[in-house]
Amino acid sequence: MWTHFLRRLMLAIPVLFLVSVMVFSLIHLIPGDPGRTILGPEATPDAVRAFDHRLGLDRPLPEQYLRWLLRVLHGDLGNSLVDGTPVSLLIAQRLPATAELAVGALLLAMLLAIPAGILSATRQGGWGDAAGTFLSLAGLSLPQFWLGLLLILYFAVRLHWLPASGYVPFFQDPVQNLKTMLLPIVVTGLRETAVTMRMMRSSLLDVLDQDYVRTARAKGLPPGAVILRHATRNALIPVVTTSGLQLAGLLGGLVITETIFVIPGFGRLIVDSILNRDFVTLQGAVLVSAVLVIAVNFLVDLLYTVLDPRIQLARGARA
């Protein structure tokens, strides 16, 4: 197993290199001049040229990339072009809120989707299946911004149960943190619940048609034991794959939820960097996002071996 993970780790190095090249190249295709955007439209051409020269923006792109890459290899992601704040500090300030929101939404989705998917698959064509299908389609169809505004109007404005927006770090005030994050987690988690529930249902239906499930039934095992002990465990493998992709997407794609609930998260940092032409911050944020995606894939691989030891044995045989 460790040989496999070491091989995956070595493959991550060229992936990160290609990501850094693509991000650097694509960012410089964005129209507009960073110096003009940051200094404002009233800045003189001499001031803009001095700004670009001071930050090395007037040098050839390959030279700029190599200088940035050398700093990254030494653990320095550079400083923001807007206010000079270290990019690593900006990411450290923004990432915890997004990570809490993404993990909370995924946990909510798993808690709701797995039982609903099992119920829908084992009651195929019945009321449970119809209710699960209806709720999953509703979760996929409802726009997040509309659902978020609706929940704010009802729970914050009308009932005064929860705050409408804002973010309080967990270690600063755990109770207030849970209050501020509950509505964003629900809004994000309901859509992920719909996707996971549909995956769980289809995967379990496929497993229930396998020979070993029929054998377990022929041996006289109770239906609950057949489903929970034999079928559900194997049906969870595609669900884990989907959940890993969902988590990787959420870590960099929660900008709508963060904007609605005024959460200073990682997604808003990326969008603000694009709007301000702060490509140093953008490069660092996207690189960290790529590292997080690779880390999530490692975690998914580890869960594969826990759910199905045959995967580990197969890898060991190939090695």
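Look up: the structure comes first, before these words.
Counting of residues starts from 1 at the beginning of each chain's written sequence and follows it residue by residue. Reporting in this predicted model follows two pLDDT cut-offs: at least 70 for local features of residues, and 80 or more for side-chain atom pairs to be given and counted; totals over whole chains, interfaces and linings ignore these cut-offs and use all residues. The basis for the side-chain values is all heavy atoms of the structure; hydrogens and waters are excluded.

## Description of the overall build of the chain
Line of reasoning, step 1. Counting from the N terminus, the helices are the DSSP runs of H or I reaching at least four residues and the strands are the DSSP runs of E reaching at least two. Looking only at helices and strands, the chain features 14 helices and zero strands.
Line of reasoning, step 2. When the helices and strands of the chain are read in sequence order from the N terminus, they spell out α-α-α-α-α-α-α-α-α-α-α-α-α-α.
Line of reasoning, step 3. Along the first, second and third principal axes, the C-alpha atoms of the chain reach 85 × 60 × 35 Å.
Line of reasoning, step 4. Think of it in three bands: with a 1.4 Å probe and only protein chains considered, a residue is buried below 20% of the maximum accessible area for its type, exposed above 50%, and partly exposed in between. Looking at the chain as a whole, 42% of its 319 residues are labelled buried.
Line of reasoning, step 5. Residue contacts are defined here by distance: any two heavy atoms, one from each residue, within 4.5 Å place the two residues in contact. Long-range contacts, defined as pairs at least 24 residues apart, comprise 72% of the intrachain contacts of the chain with a sequence gap of at least 6.
Line of reasoning, step 6. Of the roughly 17400 Å² that the chain leaves accessible, carbon and sulfur atoms contribute 69%. Residue burial considers only the protein chains on display, and all accessible areas are found by Shrake-Rupley using a 1.4 Å probe.

## Here's the deal with the pattern of salt bridges
Line of reasoning, step 1. Counted as salt bridges are all cases of a side-chain nitrogen of Lys or Arg within 4 Å of a carboxyl oxygen of Asp or Glu. If you walk through the whole model with that rule in mind, you get four salt bridges.
Line of reasoning, step 2. For R214, the salt bridge is made with D211, and the minimal N-O distance between the two is 2.4 Å. With R214 and D211 both in helix 9 (residues 211–218), this residue pair falls three residues apart, about one helical turn.
Line of reasoning, step 3. With relative accessibility at 42%, the residue R214 sits in the partly exposed group.

## Considerations on the nonpolar core
One broad rule of soluble globular proteins: the nonpolar side chains tend to lie buried together.
Line of reasoning, step 1. Take the buried residues of types Ala, Val, Leu, Ile, Met, Phe, Trp, Tyr and Cys, join any two whose side-chain atoms come within 4.5 Å, and each joined set is a nonpolar core. If you look at the biggest cluster of nonpolar residues, it comprises 42 residues, and the most contacted ones within it are M200, L204 and F261.
Line of reasoning, step 2. Going through the elements one at a time, helix 5 (87–122), helix 7 (144–158), helix 8 (174–208), helix 9, helix 10 (223–252) and helix 13 (279–307) are the ones with two or more residues in this core.
Line of reasoning, step 3. Sorting elements by how many residues they give to this core places helix 10 first, with 11 residues.
Line of reasoning, step 4. Excluding its chain neighbours within four sequence positions, the residues that come into contact with F261 are G148, I152, A164, S165, G166, L183, P184 and V187.

## A short note on the packing of helix 12 (residues 266–275) against helix 13
Line of reasoning, step 1. Running from N to C, helix 12 and helix 13 point in directions that differ by 145°, and their axes come no closer than 9 Å. For helix 12 against helix 13, the interelement crossing comes out left-handed. Listed contacts from helix 13 to F266, L269, I270, S273 and I274 of helix 12 are T281, L282, A285, V288 and S289.
Line of reasoning, step 2. Polar here means any residue other than Ala, Val, Leu, Ile, Met, Phe, Trp, Tyr, Cys and Pro, which are nonpolar, and Asp, Glu, Lys and Arg, which are charged; Gly is therefore polar. Of the residues that constitute the contact of helix 12 with helix 13, the class distribution is seven nonpolar, three polar and no charged. Geometry is summarised by axes, namely lines fitted to C-alpha atoms with helices restricted to the contacting stretch, and by angles between N-to-C directions that run from 0 to 180 degrees. Crossing handedness is defined as follows: a turn of the near helix away from the far one that is anticlockwise and smaller than a right angle gives a left-handed crossing, while the clockwise case is right-handed.

## Some remarks on a nonpolar patch on the surface
Line of reasoning, step 1. A cluster of nonpolar residues, L142, F145, W146, L149, L150 and I256, forms a patch on the protein surface that exposes about 560 Å² of accessible area.
Line of reasoning, step 2. Here the nonpolar patch takes four residues from helix 7, the largest share from any one element.
Line of reasoning, step 3. Among the secondary structure elements, W146 is positioned in helix 7. Residues form patches when they are more than 30% accessible in relative terms and have no salt bridge. Like charges link within 9 Å. Nonpolar side chains (Val, Leu, Ile, Met, Phe, Trp, Tyr) link within 5 Å.

## Considering unusual backbone geometry
Line of reasoning, step 1. Despite not being glycine, H160 has its phi angle at roughly 60°, a positive value.
Line of reasoning, step 2. Assignment of secondary structure puts H160 in the loop between helix 7 and helix 8.
Line of reasoning, step 3. One non-glycine residue, V262, lies in the positive phi region at around 50°.
Line of reasoning, step 4. Here V262 falls in the partly exposed class, since its relative accessible area comes to 42%.

## Here we look at the environment of R36
Line of reasoning, step 1. Take R36: it is sitting in helix 2 (residues 34–39).
Line of reasoning, step 2. Non-local contacts of R36, meaning those with residues more than four positions away in its chain, are made with P41, A43, T44, P45 and V48.

## A look at the environment of I294
Line of reasoning, step 1. Looking at the secondary structure, you find I294 in helix 13.
Line of reasoning, step 2. I294 sits 17 residues away from R277 along the chain, and the two C-alpha atoms are 27 Å apart.
Line of reasoning, step 3. If near-sequence neighbours (up to four positions away) are discounted, I294 is found in contact with A12, V15 and L16.

## Description of the packing of aromatic side chains
In this description, a pair of aromatic rings is defined by centroid distance and the angle of the planes.
Line of reasoning, step 1. Each aromatic pair joins two rings of Phe, Tyr and Trp (for Trp, the six-membered one) with centres within 6.5 Å, and gets the label stacked for planes under 30 degrees apart, edge-to-face for over 60, and tilted for any other angle. Counted by the stated rule, this structure contains six aromatic pairs.
Line of reasoning, step 2. Ring centres 5.4 Å apart and planes at 65° place the aromatic pair F24 and Y65 in the edge-to-face group. Separated by 41 residues along the polypeptide, F24 in helix 1 (residues 2–27) and Y65 in helix 4 (residues 61–73) bring together distant segments of the chain.
Line of reasoning, step 3. Residue classification places F24 among the buried residues on the basis of a relative accessible area of 5%.
Line of reasoning, step 4. Given the relative accessible area of 10%, Y65 is considered buried.
Line of reasoning, step 5. On the basis of an interplanar angle of 45° and a centroid distance of 6.1 Å, the ring pair of F155 and W161 is categorised as tilted.
Line of reasoning, step 6. Look at F155 and you get partly exposed, because its relative accessible area is 23%.
Line of reasoning, step 7. Among the residues examined, W161 registers a relative accessible area of 59% and is labelled exposed.
Line of reasoning, step 8. Taken together, the ring pairs connect F24, Y65 and W68 into an aromatic cluster.

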